[in-house]
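This is what each chain is made of:
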Amino acid sequence: MLPEPVWSSIPTELLVSELSKRVAEFSKRDDVKARPECGSGELGAYNMGLHVFALFLVLVLSTTFCAIPLISGRSNDSNRSDVGIRKEILFYCQHFGTGVLLATAFVHLLPTAFTSLTDPCLPHFYSEGYRPLAGLIAMVSALAFVAIESYLHLKGAGHSHGSGDGLPTDNIELRENEASESLIANAAPISQSTPNHTSSRAPGSISGEEEPDHDVEGARLMSGDVGDPSQEPNPRPFKADSRSGQGPDVIAPKSEEEKKRLEVQCLLLEAGILFHSVFIGMSLSVATGPSFVLFLSAICLHQCFEGVALGSRIAAIRHPKSAWKPWLMVLAFGLTTPLGQAIGLIVREFYDPMSQTGLLMVGYTNAISSGLLLFAGLVQLLSEDFLSEKSYTTLRGVRRIRAFASVAAGAALMALVGAIA
């Protein structure tokens, strides 16, 4: 037998050469790819003045377009001649905004989250190990908000599908069954003035008169159905309030439950929008060269459309004129992206959106935001506006077609912005 080779007798140069040759051959295999380095590489010249101008431009556009629906809904309340026009504008803005929010989630946020979290420069878990991570995060964020809204509902701040009179569920079901039996017998529903139902009447209601349905009235405003009440099958009398100067053409104020539900809805929308806006601003502030102008144009359009979408939903709550909450919500939307731009101006030497940290931050936040906006857009806006039982009463015929066309227009325009950016 030949003696075993002694490794110490082999020259080091020969070992290094053989090792280098084998590594080169291994890296050329189709199933093996070297992981690239994260980072944007060499950046162009930085124009501080242009970036500061962009900050104030985005601030003005975001705040103005978010406030326009609110201002339009509150201006000239004493002049009833243009109330129909303003309600029509709010009607179309609301449905246009629904399309904008859906396209923001589907076209902007979710694809960006997948791209960021599967970048080849990231560790194996992200790039190859579990590529559906962005979808998982979006799903978890939507489910988490379902749990939160369920909790708020139990506390009285969420959806109210009952009568809102504080009666037990069995009494509500008994009333509905009795009314249904009366209708089947070709008779009017059982009167609320019977002894079994006196506890369900609101304080101060007139005997024998049907209690106003605030949910239906709230839905009339959301759908923009402001037709002549005299043409309705069973118009309810409306007495002018000498203190407020309201006449018969004024829609009754929303119930407290309806207002709370819409406020939770707006807070969800704002959370989904603001969560990613900071990083949009930071990315804009560190961009340079020709791509900066294109990016700025897309962000301006993005902020205008989202501002109208959010502002129209805030205006639909119909807060009192002295309320400060709607203006704070408008201001929060207007300031968030410029805040991200300001942070980007400060950390531009250190923050790189294409670095490993930047990719992970953008990926996680966009995935969470997309989950929130998908839940809000599909469940709380589109489903309630078009598929709920109330919608088939308040949104009919050509008006329903126009509302859906507004949704499609908003989604198409926002998707076009996504193709440009």
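What you see is a predicted model, and the numbers here were worked out from it, not measured in a lab.

## Regarding the overall build of the protein
Here is step 1: Of the regular secondary structure elements, the protein holds 13 helices and zero strands.
Here is step 2: For the protein, the α and β elements follow one another from N to C terminus as α-α-α-α-α-α-α-α-α-α-α-α-α.
Here is step 3: Of all intrachain contacts in the protein linking residues separated by at least 6 positions in sequence, the fraction that spans at least 24 positions is 79%.
Here is step 4: Accessible surface for the protein amounts to roughly 23,500 Å². Of this, 65% is attributable to carbon and sulfur atoms.

## Examining the packing of helix α3 (residues 83-117) against helix α9 (residues 290-315)
Here is step 1: Remark: α3 packs on α9, axes separated minimally by 8 Å, with the N-to-C direction vectors making an angle of 130 degrees. Considering their axes alone, α3 and α9 lie oblique with respect to each other. Pair α3 / α9 crosses with left-handed handedness. Residues L90, C93, Q94, F96, G97, T98, V100, L101, T104 and H108 of α3 lie in contact with α9, whose contacting residues are H302, F305, E306, V308, A309, S312, R313 and A315.

## Details of the pattern of salt bridges
Two side chains that carry opposite charge are able to pair once their charged atoms sit near each other.
Here is step 1: Summed over the entire model, instances satisfying the criterion amount to four salt bridges.
Here is step 2: Taking the shortest distance from any N to any O, the salt bridge between E18 and K21 comes out at 3.9 Å. In this pair, E18 and K21 both sit in helix α1 (residues 12-27), three residues apart, roughly one turn of the helix.
Here is step 3: Classification of E18 as partly exposed rests on a relative accessible area of 32%.

## Overview of the side chain of S141
Here is step 1: Among the secondary structure elements, S141 is positioned in helix α5 (residues 133-154).
Here is step 2: A residue is classified by how much of its surface remains accessible, and S141, at 10% relative accessible area, is buried.
Here is step 3: Aside from chain neighbours lying at most four places away, what touches S141 is A367, I368, G371 and L372.

## Regarding the packing of α3 against helix α11 (residues 356-386)
Here is step 1: Two elements in contact, α3 and α11, have axes separated by 8 Å at closest approach and are oriented at 150 degrees. Taken together, the axes of α3 and α11 lie roughly antiparallel to each other. Crossing of α3 over α11 shows left-handed handedness.
Here is step 2: Considered class by class, the residues forming the contact of α3 with α11 number 19 nonpolar, 10 polar and one charged.

## Regarding the state of the cysteines
Here is step 1: Taken as a whole and assessed by the stated rule, the structure comprises one disulfide.
Here is step 2: Shown here is the disulfide that connects C38 with C121, its sulfur atoms set 1.8 Å apart. Its S-S torsion of about 100 degrees marks the bond between C38 and C121 as right-handed, since a negative value means left-handed. In this pair, C38 sits in the loop between α1 and α2 (48-74) while C121 sits in the loop between α3 and α4 (124-129), placing the two residues 83 residues apart along the sequence.
Here is step 3: Note on C38: relative accessible area 28%, which makes it partly exposed.
Here is step 4: Owing to a relative accessible area of 3%, C121 belongs among the buried residues under this scheme.
Here is step 5: Between C266, a free cysteine, and C66, which holds the nearest cysteine sulfur, the sulfur-to-sulfur gap is 9.4 Å.
Here is step 6: Taking relative accessible area as the criterion, C266 reaches 1% and is therefore assigned buried.
Here is step 7: Here C304 is not cross-linked by a disulfide; its sulfur's nearest cysteine counterpart is in C300, at 6.6 Å.
Here is step 8: On the basis of relative accessible area, C304 is assigned to the buried category, the value being 10%.

Parameters at a glance
- Residues numbered from 1 in each chain as written.
- Predicted model: local features only at pLDDT ≥ 70, side-chain atom pairs only at ≥ 80, totals over all residues.
- Heavy atoms only, no water.
- Helix = DSSP H or I, 4+ residues; strand = E, 2+ residues; numbered from the N terminus.
- Contact = heavy atoms within 4.5 Å.
- Areas by Shrake-Rupley, 256 points an atom, 1.4 Å probe, with all protein chains shown as cover.
- Axes fitted to C-alpha atoms, helices over the stretch in contact; angles between N-to-C directions.
- Parallel < 35°, antiparallel > 145°, perpendicular 65-115°, else oblique.
- Left-handed = near helix turned anticlockwise from the far one by under 90°.
- Salt bridge = Lys/Arg side-chain N within 4 Å of Asp/Glu carboxyl O.
- Buried < 20%, exposed > 50% of the residue type's maximum accessible area, 1.4 Å probe, protein only.
- Nonpolar A, V, L, I, M, F, W, Y, C, P; charged D, E, K, R; others polar.
- Disulfide = S-S within 2.5 Å.

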